[in-house]
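Spelled out, the chains give:
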Amino acid sequence: MEAARVIDLDTVRIRLSRLLEQATEVLRSHYRSELSLQDFVDAARFREWRVGCLAFLKEAFGPDSHYLKEYEFSCDSPYLSAAARGQAVLRAAREYIDFGPVARVEELAAAEVFNDLLAIAERHCADGRAGAAAVLAAAILEDVLWRNARNRKLAIREQIDGPATLNQKLWQAGVYPAAVKQQITGWMELGARGTADDPALRSPEAASVAAMISGVRNFVADFLI
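Notes on the structure follow. Remember, predicted model here, so these are calculated numbers, not experimental data.

### Digging into empty space enclosed by the protein
And step 1. In total, this model carries 1 cavity of 30 Å³ or more according to the counting rule given.
And step 2. Estimates place the volume of the largest cavity at around 70 Å³.
And step 3. In terms of lining residues, the largest cavity is bounded by R13, L16, S17, L20, R94, I97, D98, R152, G174 and V175.
And step 4. Elements represented by at least two residues in the lining of the largest cavity include exactly α1 (9-28) and α4 (80-99).
And step 5. Of the residues forming the lining of the largest cavity, the biggest block, 4 residues, is contributed by α1.
And step 6. Broken down by class, the residue content of the lining of the largest cavity amounts to 4 nonpolar, 2 polar and 4 charged.

### Brief notes about the packing of aromatic side chains
And step 1. Enumeration over the complete set of coordinates arrives at 10 aromatic pairs.
And step 2. Taking 4.7 Å as the distance between ring centres and 35° as the angle between the ring planes, the aromatic pair formed by F219 and F223 counts as tilted. With F219 and F223 both in helix α9 (residues 206-223), this residue pair falls 4 residues apart, about one helical turn.
And step 3. A relative accessible area of 3% means that F219 is categorised as buried.
And step 4. Every member of this aromatic cluster is reached through a ring pair, and the members are Y31, F40 and Y79.

### Examining the nonpolar core
And step 1. Judged by nonpolar contacts, the single largest core of 35 residues is most densely connected at L145, Y176, I184, V216 and F219.
And step 2. Elements with a minimum of two residues in this core: α5 (105-126), α6 (130-151), α7 (163-172), α8 (178-193) and α9.
And step 3. The greatest single-element share of this core, amounting to 11 residues, is contributed by α6.
And step 4. Once residues lying within four places of it in the same chain are set aside, the contact partners of L145 are P163, L166, L170, Y176, I184, M188 and F219.
And step 5. L19, W49, A83 and L90 belong to the second-largest nonpolar core, a separate cluster that totals 22 residues.

### Structural notes on helix α2 (residues 43-61)
And step 1. Spanning 19 residues, α2 covers 26 Å between terminal C-alpha atoms, matching the ideal 27 Å at 1.5 Å per step.
And step 2. Every buried residue of α2 is listed here: F46, W49, R50, G52, C53, L54, F56 and L57.
And step 3. Just past α2, the residue G62 takes up positive phi, approximately 100°.

### What about unusual backbone geometry?
And step 1. A positive phi is found at K153, a non-glycine position, where the angle reads about 55°.
And step 2. Along the chain, K153 turns up in the loop between α6 and α7.

### Section: the pattern of salt bridges
And step 1. With the rule as written, the count across this model stands at 9 salt bridges.
And step 2. Between R91 and D222 there is a salt bridge; the shortest N-O distance is 3.4 Å. Taken as a pair, R91 in helix α4 and D222 in helix α9 lie far apart in primary sequence, 131 residues in all.
And step 3. Residue R91 is classed as partly exposed on the basis of its relative accessible area, which comes to 31%.
And step 4. A salt bridge links D143 to R147; the nearest nitrogen and oxygen atoms lie 2.5 Å apart. Placement of the pair is D143 and R147 together in helix α6, with a separation of 4 residues, close to one helical turn.
And step 5. Its relative accessible area of 18% is what places R147 among the buried residues.
And step 6. Residues joined in a network through salt bridges with shared partners are R18, E21 and E25.

Reading guide: rules and limits
- Residues numbered from 1 in each chain as written.
- Predicted model: local features only at pLDDT ≥ 70, side-chain atom pairs only at ≥ 80, totals over all residues.
- Heavy atoms only, no water.
- 1 Å grid on protein atoms, 1.4 Å probe; cavity = no way out; pocket = protein on both sides within 12 Å on 5 of 7 lines; lining within 4 Å.
- Points joined across faces, edges and corners; volume = space filled by probe spheres on them.
- Helix = DSSP H or I, 4+ residues; strand = E, 2+ residues; numbered from the N terminus.
- Nonpolar A, V, L, I, M, F, W, Y, C, P; charged D, E, K, R; others polar.
- Phe/Tyr/Trp six-rings, centres within 6.5 Å; stacked < 30°, edge-to-face > 60°.
- Buried < 20%, exposed > 50% of the residue type's maximum accessible area, 1.4 Å probe, protein only.
- Core = buried A, V, L, I, M, F, W, Y, C linked by side-chain atoms within 4.5 Å.
- Contact = heavy atoms within 4.5 Å.
- Expected span 1.5 Å × (residues − 1).
- Salt bridge = Lys/Arg side-chain N within 4 Å of Asp/Glu carboxyl O.

Take a look at the structure:
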């Protein structure tokens with residue numbers, strides 16, 4: 001009888017992070033067919049990504065897993081909607097790996113609070129207080145980074161490490177791809193401008209802050225629970 005193969009969880013996380021990064025690349029290749037007026041993604045890129053996903057889900061969760069079956073059913077063709085469903089399956093798999101089968105009530109409550117605060121940040125931005133909005137969104141982002149680092153038991157120093165250090169460590173741990181790390185860096189820079197002593201740096205552009213708030217909201221949805 002063949003012995004069960006040991007799968008390293010860190011390797012699984014890294015591989016899953018790369019597949020999610022590829023999912024973003026696949027979705028960015030979308031186009032609308034002039035003949036059918038339907039949205040597609042690049043077929044060759046989609047097929048390469050799909051094969052990798054099927055192999056990963058089978059190896060990581062087994063041939064009878066719900067994740068593999070759902071991916072096979074939902075992501076079977078290079079339609080934009082099918083690729084988006086495949087990405088959603090991978091995100092669900094990532095949450096299961098990171099947090100187990102049941103999301104923690106504490107994190108669900110925090111998500112509601114953060115969404116309310118982000119709505120306040122949006123109102124600040126719309127009322128011409130982009131700096132205050134950026135500071136609030138950056139504070140929420142830093143809290144989510146801390147929660148991620150603690151939940152994953154990373155080597156962090158409470159009250160000493162800042163968001164830049166947390167961002168670096170979470171990226172190195174394979175929690176999210178390099179593109180997300182770069183986004184976080186940019187968002188934190190906007191937040192810092194909201195409290196800068198130099199008046200020339202104190203008011204970031206409202207459009208940039210609005211995009212930051214939207215990005216932070218998506219980050220909370222993807223990485224808080």
